[in-house]
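# Tertiary structure, described
So you can see what is in the structure, the chains are spelled out below.
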Amino acid sequence: MLFSRRQVLQSTLALAMLPRTALASADALIARPDTQQIAPEGYPATPVWGYGGGVPGPEIRVRQGGRVRRTLVNALPQPTTVHWHGIRIDNAMDGVPGLTQDAVQKDSSFDYDFVVPDAGTYWYHAHNRSMEQVARGLYGPLIVDEVDGPDVDQDLTLMLDDWRLDPETGQISDDFDNGHDLSHAGRLGNLVTVNGRFDPSFPVQTAERLRLRLVNAANARVFDVALDGVAGWIVALDGMPLAKPLAVEEAFPLAPAQRADLIVDVTAEAGQTASVVSIERDGAFGLVRFDVSGVSANSVRPDIVPLPPNPVPEIDLQDAPLHRMTMQGGAMRWLDHAKMGDTVLSGRELAQLGRFWALNGYAERPDDPFLDMRVGEVHQIEFVNETAFPHAMHLHGHHFRLILPDGALGPWRDTILVGRGQVRRIALAADNPGNWLLHCHMLGHAASGMMSWFRVS
Ligand code: C2O
Ligand code: CU
Ligand code: CU
């Protein structure tokens, strides 16, 4: 059951701004325990893990083509790393323990230093025991500004998350390895926040043009996002501009790790409230409120223009070999058997080890890559979801294009939702050398079997 907006409105109208602790130095990203008022005022504060300034971590903002340098300092009780999600990054900076670097031990540090080739909305998050560390709050926005960006009145980053809190104590429930969650839809919370706050509001004026950068940082929840009192277009997905902005006419899904950049105009009148809502089983649920007062001077806005394209590779499907990625397991379709290393284990043995899912027959990241490609090649991957649940399949180091049912190339993405029983194809231009993960971004699924990798050499 979710906390409802009505419930909080009855107790108090205003949600206090959170004090932000200053970073020790501009270049440090200190992962450490913290406390934050996650639940509505009146509920206890919540012990979280953050990047030195509460949850979400500090917004890292850089010009396209610029360089990001951060020293991760680990002040957590367990090893960690940072992954820069969606950045077509130098492999050594990708933050995957055991594949691109060693996990950073407690009281140690690691220097991340990379260039960002693409403009858009990205994010960073912990990549060791992610299902616990991200759930505790280890994530933040990474925004890459276009050299020549769109003309908007406000540019708002909105990081969505859901938390599983004990309403009595405010504690995060620490059953991260709960076999029921792992084998079903993943860890779903009971409190939805935006930018680490419940039901935040932003002042706007009628006819203002807003850029909304939605990031889904939740462990497993797929938000069905809809607009009320603002109207406009999706202009980018997973950071990458759409060649043709898409008018938002109905709810659209935002799976874990996905981003959507919207450009919207405020259509609600002064005195009204506009909102971004999530469509849940029991109705529309408010994520963000816009309190409208006054009318913007720019009251008539021109039509939308696409964002400038990013320097992505050409994709030519001619001669692109097709590889199948079969997704199996989970509740109702239980694994019969799967491999860990060279050993074949029965579904029952796997369940005892906390493994419920398999990608191409492996219930953990295999020793050999699922695909070995050469720079310059184009490959097709077909995800075949034989499970009874949707999965948010993510590739590191590359964006890829969806192949639409009619064979045409769809939008560029780094994470796609593959529904239960669904088959979806993507086209990938291998242009970034290294060892790259491919996994489900429902983080409990990744931890319980849905983890693979590919190599580009
Ligand atoms: Cu955002 Cu490997 O993940
Ligand atoms: Cu990633
Ligand atoms: Cu999954």
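Calculation criteria
- Residues numbered from 1 in each chain as written.
- Chains lettered and ligands numbered in written order.
- Predicted model: local features only at pLDDT ≥ 70, side-chain atom pairs only at ≥ 80, totals over all residues.
- Heavy atoms only, no water.
- Donors = N, O, S within 2.8 Å, 3.2 Å for Na, K, Ca; no water.
- Helix = DSSP H or I, 4+ residues; strand = E, 2+ residues; numbered from the N terminus.
- Buried < 20%, exposed > 50% of the residue type's maximum accessible area, 1.4 Å probe, protein only.
- Domains from an automatic or database assignment.
- Contact = heavy atoms within 4.5 Å.
- Salt bridge = Lys/Arg side-chain N within 4 Å of Asp/Glu carboxyl O.
- Polar contact = N/O pair within 3.5 Å; in protein donor to acceptor, adjacent residues only side chain to side chain.
- Nonpolar A, V, L, I, M, F, W, Y, C, P; charged D, E, K, R; others polar.
- Pairing = 2+ DSSP bridges.
- Axes fitted to C-alpha atoms, helices over the stretch in contact; angles between N-to-C directions.

## Details of the coordination of the copper ion (ligand 2)
With distances of 1.9 Å, the protein atoms coordinating the copper ion (ligand 2) are His83 (NE2) and His394 (NE2). Separated by 311 residues along the polypeptide, His83 in strand 5 (residues 82-85) and His394 in strand 26 (residues 391-395) bring together distant segments of the chain. Accessibility assignment for this pair places His83 and His394 in one class, buried.

## With respect to the domain arrangement of the chain
In many analyses, interface size is given as the accessible surface area lost on bringing the parts together. When its domains are assigned, the chain resolves into domain 1 (5-145), domain 2 (154-295) and domain 3 (322-456). For domain 1 versus domain 3, the separation of C-alpha centres amounts to 26 Å. Contact residues are listed per partner, giving 21 residues for domain 1 and 21 residues for domain 3. The tally of links from domain 1 across to domain 3 stands at 1 salt bridge. Asp431 is the partner of Arg88 in a salt bridge, and the nearest nitrogen-oxygen pair spans 3.6 Å. Counting across the domain 1 and domain 3 interface gives 9 residue pairs in polar contact (both at pLDDT 80 or more). For the side of domain 1 that touches domain 3, the secondary structure elements donating two or more residues are strand 5, strand 7 (120-126) and helix 2 (130-133). Ranked by residue count, the leading element in the side of domain 1 that touches domain 3 is strand 7, at 3 residues. Residues of the side of domain 1 that touches domain 3, tallied by class, amount to 9 nonpolar, 9 polar and 3 charged.

## Quick word on the pattern of salt bridges
Taken as a whole and judged by the stated rule, the model has 28 salt bridges. The shortest N-O distance in the salt bridge between Arg259 and Asp238 comes to 3.9 Å. Here the residue Arg259 occupies a position in strand 17 (residues 259-266), and Asp238 occupies one in the loop between strand 14 (230-237) and strand 15 (240-247), the gap between them amounting to 21 residues. Under the relative-accessibility criterion, Asp238 is labelled buried at 0%. Of the charged contacts in the structure, one is a salt bridge between Arg455 and Asp372, with a shortest N-O distance of 3.7 Å. A residue pair is termed long-range when its members are at least 10 positions apart, and Arg455 in strand 32 (residues 451-456) and Asp372 in strand 24 (residues 371-373) qualify at 83 residues. Here Arg455 falls in the partly exposed class, since its relative accessible area comes to 29%. By relative accessible area, Asp372 is classed as partly exposed at 39%. Overlapping salt bridges, with partners in common, bring together Glu59, Arg61, Asp145, Glu146, Asp155, Arg211, Arg213 and Asp261 in one network.

## Things to note about the sheet that holds strand 27 (residues 400-403)
Read across the sheet, 6 strands follow the order 23-20-25-30-27-28 without closing on themselves; strand pairing throughout is mixed. Each having just a single partner strand, strand 23 (357-359) and strand 28 (409-413) make up the two edges of the open sheet. When the angles between neighbouring strand axes are averaged without regard to direction, this sheet yields 25°.

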